[in-house]
Amino acid sequence: MRRQIVAGNWKMHGSRAEATQLVDSIVAGFNGGSGVDCVVCPPFVYLHEVSRQLRGTAVQLGAQDVCAEAQGAFTGEVSAAMLRDVGCQYVLVGHSERRALYGESDAAVARKFAAALARGLTPILCVGELLAERESGRTFEIIGRQLDAVMAVSDVSTLARAVIAYEPVWAIGTGLTASPEQAQDVHAFVRGRIAARDATIAAAVPLLYGGSVKAGNAAELFAKPDVDGGLIGGASLKAEEFLAICAAVPARKS
Ligand code: 13P
């Protein structure tokens, strides 16, 4: 049985008071018995406080980024050990905004992935193509390259402790969602790419879809056989909407 996960990436939004209120509402409304892992990823500065709020609840904590280095003179960076220290279980690596706006290369993302694993964090590796890449028929080439870069640094066996999120860049924050068929096609490709190295690992790794997921479109996306949940941006900032997305994950798939 693959784990099914809905993770909320808050990005750089909200205040301390809003974070507290949002987490209170999510905790109050999340039915931990539904078999879905619910994760929230607030900005760094709110992690510690949110971690305290989540103690003893079914909701888990993730960060939005991590430094590839273990420690040292890296002004402004946050290490995997620090994230563990404040109670994170998950961390996003290679989000398209990090790749596009902060110049993170495939190689840098691969190092972050390894750093997260080394400290016992579950990396959520984000992959996805630009609109121009999709339109020129290069979607699989791009995603294959992003995956291969990680598997060149971390053995395929490490994917047993990881999650992959397919986030087409053209669908992020745009209101344009990949159709369930487009998402399924890419998810099947990702699983196949991993299966070429290890079929057992490929069958077990949770693959999330992200990009304009809302309560209204989540169920049809999550119904696809290789879609094991979602990575949610804007809609994760509204507790009711986020909880509805969590509730849209169907009964466990094989
Ligand atoms: P939206 O759900 O706002 O499109 O963002 C998706 C995303 O980037 C999650 O990481």
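Our subject in this report is the structure included herewith. What you are looking at is a predicted structure, and each value in this text was computed from that prediction instead of being measured. (Residues numbered from 1 in each chain as written. Predicted model: local features only at pLDDT ≥ 70, side-chain atom pairs only at ≥ 80, totals over all residues. Heavy atoms only, no water.)

**Remarks on the pattern of salt bridges**
Counted under the stated rule, the structure contains 18 salt bridges. Each of the salt bridges in this network shares a partner with another, and the network as a whole consists of R2, R191, D226 and D228. (Salt bridge = Lys/Arg side-chain N within 4 Å of Asp/Glu carboxyl O.)

**What about the nonpolar core?**
Nonpolar side chains tend to gather and get buried jointly when the protein is soluble and globular. Counting 68 residues, the largest nonpolar core has I164, I194 and F222 as its most contacted members. Contacts of I164, omitting those with residues within four sequence positions, involve L125, V127, L147, L159, V190, I194, V205, P206, L207 and L208. C41, Y90, I124 and C126 belong to the second largest nonpolar core, which has 12 residues in total. (Core = buried A, V, L, I, M, F, W, Y, C linked by side-chain atoms within 4.5 Å. Buried < 20%, exposed > 50% of the residue type's maximum accessible area, 1.4 Å probe, protein only. Contact = heavy atoms within 4.5 Å.)

**Describing the site of the ligand**
In the vicinity of the ligand, 13 residues are found, and the nearest of them are K11, H95, G173, S212 and G234. Taking G173, its main chain carries an N or O atom lying 2.7 Å from an oxygen atom of the ligand. Relative to its unbound accessible surface of 310 Å², the ligand loses 95% to contact with the protein. Looking at the shell around the ligand, its residues break down into four nonpolar, seven polar and two charged. (Near = heavy atom within 4 Å. Polar contact = N/O pair within 3.5 Å; in protein donor to acceptor, adjacent residues only side chain to side chain. Areas by Shrake-Rupley, 256 points an atom, 1.4 Å probe, with all protein chains shown as cover. Nonpolar A, V, L, I, M, F, W, Y, C, P; charged D, E, K, R; others polar.)

**Some remarks on the packing of helix α7 (residues 139–153) against helix α8 (residues 180–195)**
Look at α7 against α8: their axes get within 10 Å of each other, and the N-to-C directions meet at 40°. Taken together, the axes of α7 and α8 lie oblique to each other. Between α7 and α8 the crossing geometry is right-handed. Here α7 contributes T139, F140, I143, G144, R145, L147, D148 and M151 to the contact with α8, which in turn contributes D185, V186, F189, V190, R193 and I194. Grouping the constituent residues of the contact of α7 with α8 by class yields eight nonpolar, two polar and four charged. (Axes fitted to C-alpha atoms, helices over the stretch in contact; angles between N-to-C directions. Helix = DSSP H or I, 4+ residues; strand = E, 2+ residues; numbered from the N terminus. Parallel < 35°, antiparallel > 145°, perpendicular 65-115°, else oblique. Left-handed = near helix turned anticlockwise from the far one by under 90°.)

**A word on the sheet that holds strand β7 (residues 207–210)**
Judged by pairing direction, the barrel is parallel, and its eight strands sit side by side in the order β1-β2-β3-β4-β5-β6-β7-β8 before closing back on the first. When the angles between neighbouring strand axes are averaged without regard to direction, this sheet yields 30°. In the sheet, β7 pairs with strand β8 (residues 229–232) via two bridges, with the strands oriented parallel. Within the sheet, the bridge partner assigned to G210 lies in β8 and is L231. (Pairing = 2+ DSSP bridges.)

**A short note on the packing of helix α5 (residues 106–118) against α7**
As a packed pair, α5 and α7 sit with axes 8 Å apart at the nearest point and diverge in direction by 50°. Compared by their axis directions, α5 and α7 come out oblique. Relative to α7, α5 is oriented so that their crossing is right-handed. Between α5 and α7, the contacting residues are D106, A110, F113 and A114 on the first element and R145, Q146, A149, V150 and V153 on the second. Classifying every residue of the contact of α5 with α7 by side-chain character gives six nonpolar, one polar and two charged.

**Some details on the pairing of β7**
On β7, burial covers both faces: L207 and Y209 on one face and L208 and G210 on the other are all buried. Pairing of strand β6 (residues 163–166) with β7, which is carried by three bridges, proceeds in the parallel orientation. Paired with I164 across the strands is L207, a residue of β7. The parallel pair β7 and β8, bridged by helix α10 (residues 215–222), forms a crossover whose chirality is right-handed. (Right-handed = clockwise from strand over helix to strand, strands pointing away.)

**Some words on the side chain of Q184**
Residue position: Q184 is located in helix α8. Taking the relative accessible area as the measure of exposure, Q184 reaches 14% and is therefore buried. In this view, Q184 contacts K224, P225, D226 and V227; residues no more than four positions away in its chain are not counted.

**Quick look at the state of the cysteines**
Across all of its chains, the model carries zero disulfides by this definition. No disulfide involves C88; its sulfur sits 8.0 Å from that of C41, the nearest cysteine. Judged by relative accessible area, C88 falls into the buried class, the value being 1%. In this structure C246 is a free cysteine whose sulfur lies 4.0 Å from that of C38, the closest cysteine sulfur available. (Disulfide = S-S within 2.5 Å.)

**Considerations on α7**
The end-to-end C-alpha distance of α7 is 22 Å, a good match for the 21 Å that 15 residues give at a rise of 1.5 Å each. Inspection of α7 places T139, I142, I143, G144, Q146, L147, A149, V150 and M151 among the buried residues, and these make up the whole buried set. For α7, the elements touching its buried residues are α4 (96–101), α5, β5 (122–127), α6 (131–135), β6 and α8. (Expected span 1.5 Å × (residues − 1).)

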